[in-house]
Amino acid sequence: MIPNTFDYQRASSLDEALGLVGTPGSKVIAGGMSLLPLMKLRLASPERLVDIGRLNELRGVRQLPDGRLAIGALTTYSELADSPAREYGLIRDALPDIGDVQVRNRGTVGGSVAHCDPASDLPAVLLALGADIVARSKRGEKVYPVDGFFTGAFTTALADDELVTEIRLMGPRDDAGSAFVSLSQRASGYSIVGVAAVVIKEGGSAITRAGIALTGVGEAPYRAKAAEAALLGNEGTAESIAEAAAHAIDGVTVAGDIHADSEYRAAMAVIYTRRAIEAALVRLHE
Amino acid sequence: MATGVQDVLGSPVKRVEDPRFITGKGRYLDDIKLTGMVHLAILRSPYAHANIRSVDASKAKAMPGVLAVIVGADIPWNPLPMAWPAGGSTVKNNVSTPRILATDSVKWTGEGVAAVVAETPEQAIDALEAIDVDYEPLAAVVDAEKATQPGAVQLHDNAPNNVVFDWTVGDKAGTEKAIAEAEVVVRQRLVNHRLIPNPMEVRGDIGLYNPGTDEYTVWMSSQTPHIQRLLLAAFVTGIPEHKIRCISPDVGGAFGTKIFCYADMALVMWASKLVGGRPVKWVESRRESYGSTIHGRDHITYVEIAGKRDGEVTGVKVKTFANLGGRLSTIGPGVPTTLYGRVLSGCYKIPNVYAEVTGVYTNTTFVDAYRGAGRPEATYVIERAMDLFANEIGMDRAAVRRKNFIPPDAFPYDNPSGLGIAVNGEKIYVDSGNYEPALNKALIAAGYDDLAKLKAEAKTRGKLLGMGLSTYIEVCGVAPSKWIGAVGEGWGAAMWESSNIKVHLTGKVIVTMGTQPQGQGHETTYSQIIAHELGIPMDDIIVQHSDTQGTPFGYGSYGSRTASVGSTAAIKAADKIKDKARRYAAHMLEASPDDIEVIGAEYRVKGSPEKKKTLQEIAFALDLGFSLPGDMEPYLDETAYYDTPNCTWPFGTHIAIVEIDEETGETELTRYIAVDDVGKKINPMIVDGQLHGGIAQGIGQALWETAVYGDDGQLLSGSMMDYALPRASWLPNFELDETITPSPVNPLGVKGVGEAGAIASTAAVANAVNDALGPLGIRHTDMPFTAQTVWRAIQSAKGARA
């Protein structure tokens, strides 16, 4: 389990990194928790690794003046779980189960976003939160709304020469509740079905905003917009939750593999969406 | 004890090998680095079934660091031996075994086709990609039952319908009559699915050829170094047996995978000679191991169980298709026959038992003994069958078992499955057993009488609760050589054991064993035994093993044989030591040998205890030999070879409790109770460790682990990303208890425990899940009980009732 030969260059500044990103045969590496196993299996054989792991300007979680959280792309899962983002219930649910201790200490949120594994959990969390993905290239900075960023299996809207630098989340708020629930494939721990749910009641007893995102089910993590729409204007009764959950896979070609075929996965998507919404509402009402 | 030595036999002494193991100072195969060592990598077939048209190694030979590229045609040696055929004078075994490297065809993904020897492992692996193999892909078959049907892809010309053997045991006419006349008959198809063993240390070898002496040394991560020397010499290479030395260093787990003769062992020998005597190392990657080291289980079984409405079982008939893979491994056919077919009646006095086993070739990795080797498969069949029978007649499952147990006064018991095979006129009996006390303890510990209440409470939480029993017996402590050597049985070799004990001048003792540790703690248990036998501190003893040079021949460790057979050989050597010491003490003390009593390490004159010599004083004098009586030889050095008169028969009752999420099918094991009778215990802590590990492996099979092949023979569960090995955090704390019925077979009264946990547990969990699903009208569901499988069973039942 030895990679093919490769060149290695460690970027000492963001500018240097941006000069190398997207050059032929190059691949960016941060924590390496997804890329290195692929290289060892020789499923990926980049000619050159561009190591951005020492770019401290991409680290750290800070609060923006408008109350949003800005999370540096090199923030590890562990760091994110310990940061102010832990106010969010779905962060507290999802982060401790990602990978294992080593993955959580080395894997980065920017890497997770750029890699877009169809069964990875963080993209679903970000979709439910309605995050923004900030990317930089030599051409400047671009902000991508997360909705529409994950376009397919291991495919994002990023241009070849762009680097994810920051993720921006709405600030924690009292009128929101969130949860992440999942059914995992035992061997790898990846989600067969993972559902992130955020529900917001601005002012009254009815749900005014909802973010429901699923991973493991489709070609890429996605927002279940029909499910969200079905919740709006409801208080969150059992009937309305079930009605919303029934739309969890509208328009989605449900994946299947040796662990869970598409029939089972589809059934679990509905059940786990219901459970995620229920758990988010419990937290909202606490 | 008079010498101040605390008697350690039976104590939970901490293991002497652990300090090096847990501090990274063990010396495993890959830790061995020899001067001038080079590395071998093996190119393996990407196809499950293909003809090899040509192999072009020219580009690979030119790559950096490459010393040689080897193809099958280069090696004039024989294919690997198959040493344990399905036995019986009328049974034909259609044998095909792997060559060192495949020559004209490959029969599974992972069969070795070429090998590169290079200065570094990386260079060897890189060069593999430059070897061009022209394959003609062929269709594949992976299911053992389908492979025997007309029109199936044929693997070997000498095996029509891919049949390796058709083997039977028991009384066919009597059993069919009992079934035909029975008040109740239950029939069920059962799948005991394929497992991929995952010892923490994968396999590896180092071959070293000495051009000066024309001798070979092979280091191997093996359970059987002496046997491999024999097999490599006499069957594969033709090199004289005395010119091969095999050494097993520390072995990091095996569970049966390392019993066998593998192609890579001969390959590193060949390679070392090819490169002029430089040591050649090969170590498999985990992914490689999944295709090139044996798999376990993989039976498809049709069982019929018949009996009376009052619960008495009168007949069991079994038909099993045993998947043996693309070519046979060393004892592949022995496992589903001798070790499975002959123990199908379990701990029950069923008068009519008949089994037919068909061994089958398919385009999958070869299958051989894996922890339990046939007995987990047999236990699964009979324990599922007992539950199905109980459910059919509406009788409590524990009561049905109780009614059919072999009663304690029926021993020695002649098992109707045919274990009692006549050898030289002698029969082998199940020697002892007392099954009810273990069952009673387990039922009480599990709260079996509260089952209905527990189920009702779980239902309020949306869970289906189930309790599963497994009252098992196992046969281990293998084996009397006269049984192994019976007509048709046995692997062309015997199963006695050896031990040599030397007491050196300073009173320090070196004990050898012919058995072979892979993590069981043998260095500790042997030391405990010899410390007890000779009355000396454990610290004064070391145990040497695993080098065919300098230790007497032994048959290695598998089949839970070390405690019963290996220990007894050591005790017999100790007896010889004490006998000589006693006679020499008599000489030193001017007494008659009959007047010398032995207490610990002291040899005293009866009636005059102040007249005594210690073993250390005796050894010192004997080793010098200044004053020897009569024809006594100098030195205190004795060897014993010991052939056990019978196997041993551990038994017990395990109970698993599961809860199933009725909506999703997710199944959780909430409690696990095990009451085991493994006879007396040399080291209770080690016994518990063995039970924990075996139970975890059996649970792993029931709930999580499964080898998955595509129809084209590609292994889809090709790594730990898709093959779910149990993690400790998934398991409840095991609740262990015991009964102790000493074995009459050996002086320690031990039975062996290495496999018992794995033998009992799969059936316990399977019965628990099936019990949980029973109220939905589901009669039987096959393992593994993944959430999807259980969900689907629930959906089908609900659909059927809707």
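Bear in mind that the values here come from a model prediction, so they are computed numbers and not experimental data. (Residues numbered from 1 in each chain as written. Chains lettered and ligands numbered in written order. Predicted model: local features only at pLDDT ≥ 70, side-chain atom pairs only at ≥ 80, totals over all residues. Heavy atoms only, no water.)

Draft legend 1. Spatial organisation of the overall build of chain B. Secondary structure summary: chain B contains 19 helices and 26 strands in total. Relative to the globule expectation of 28 Å for 802 residues, the C-alpha radius of gyration of chain B, 28 Å, shows essentially globular dimensions. Along the longest, intermediate and shortest principal axes, the C-alpha atoms of chain B span 95 × 75 × 50 Å. Of all 802 residues assigned to chain B, the portion counted as buried reaches 64%. By sequence separation, contacts in chain B at least 24 residues apart represent 80% of the contacts at least 6 residues apart. In chain B, the 75 positive side-chain charges and the 94 negative ones have mean positions that sit 1 Å from each other. (Helix = DSSP H or I, 4+ residues; strand = E, 2+ residues; numbered from the N terminus. Rg over C-alpha atoms; globule rule 2.2 N^0.38 Å. Buried < 20%, exposed > 50% of the residue type's maximum accessible area, 1.4 Å probe, protein only. Contact = heavy atoms within 4.5 Å. Lys, Arg positive; Asp, Glu negative; His and termini not counted. Charge placed at Lys NZ, Arg CZ, Asp CG, Glu CD.)

Draft legend 2. Region of interest: the layout of surface pockets. All names here are of chain B. Space inside the second largest pocket adds up to approximately 380 Å³. Forming the walls of the second largest pocket are 18 residues, and the residues nearest its centre are Ser248, Pro249, Asp250, His545 and Ser546. Among the secondary structure elements, those contributing two or more residues to the lining of the second largest pocket are strand 11 (244-247) and strand 19 (541-545). Looking at the lining of the second largest pocket element by element, the count peaks at 3 residues for strand 19. (1 Å grid on protein atoms, 1.4 Å probe; cavity = no way out; pocket = protein on both sides within 12 Å on 5 of 7 lines; lining within 4 Å. Points joined across faces, edges and corners; volume = space filled by probe spheres on them.)

Draft legend 3. Region of interest: the domain arrangement of chain B. All names here are of chain B. Taken domain by domain, chain B consists of domain 1 (18-25 + 496-642), domain 2 (32-138 + 200-254 + 258-292) and domain 3 (296-480 + 646-801). Taking only C-alpha atoms into account, the centre of domain 1 sits 40 Å from that of domain 3. For the domain 1 and domain 3 pair, buried surface summed over both sides reaches about 1300 Å², with 60% attributable to carbon and sulfur atoms. Of all residues in domain 1, Gly559, Ser560 and Ser564 give up the largest surface area on contact with domain 3, accounting jointly for 34% of the area buried on that side. (Domains from an automatic or database assignment. Buried area = accessible area lost by both parts, 1.4 Å probe.)

Draft legend 4. Representation of the sheet that holds strand 12 (residues 191-200) of chain A. Residues and elements named next belong to chain A. Spatially, 11-12-13-14 is the arrangement adopted by the 4 strands of the open sheet, whose pairing is antiparallel. Each having just a single partner strand, strand 11 (176-184) and strand 14 (222-223) make up the two edges of the open sheet. Alignment of strand 12 against strand 13 (residues 209-215), held across 7 bridges, turns out to be antiparallel. What sits directly across from Val195, in strand 13, is Leu214. (Pairing = 2+ DSSP bridges.)

Draft legend 5. Seen up close, the domain arrangement of chain A. Residue and element names in this part refer to chain A. Split into domains, chain A comes out as domain 1 (7-51), domain 2 (56-169) and domain 3 (176-284). Each of domain 1 and domain 2 has a C-alpha centre, and these two points are 18 Å apart. Counting residues at the interface gives 13 residues for domain 1 and 16 residues for domain 2. Across the interface of domain 1 and domain 2, roughly 1200 Å² is buried in total on both sides, 71% from carbon and sulfur atoms. The largest share of the area that domain 1 buries against domain 2 comes from Leu14, Leu18 and Met33, three residues that together contribute 49% of it. Our enumeration of links across domain 1 and domain 2 arrives at 0 salt bridges. For the side of domain 1 that touches domain 2, the element with the highest residue contribution is helix 1 (residues 14-20), accounting for 4 residues. Class assignment of the residues belonging to the side of domain 1 that touches domain 2 gives a composition of 8 nonpolar, 5 polar and no charged. (Salt bridge = Lys/Arg side-chain N within 4 Å of Asp/Glu carboxyl O. Nonpolar A, V, L, I, M, F, W, Y, C, P; charged D, E, K, R; others polar.)

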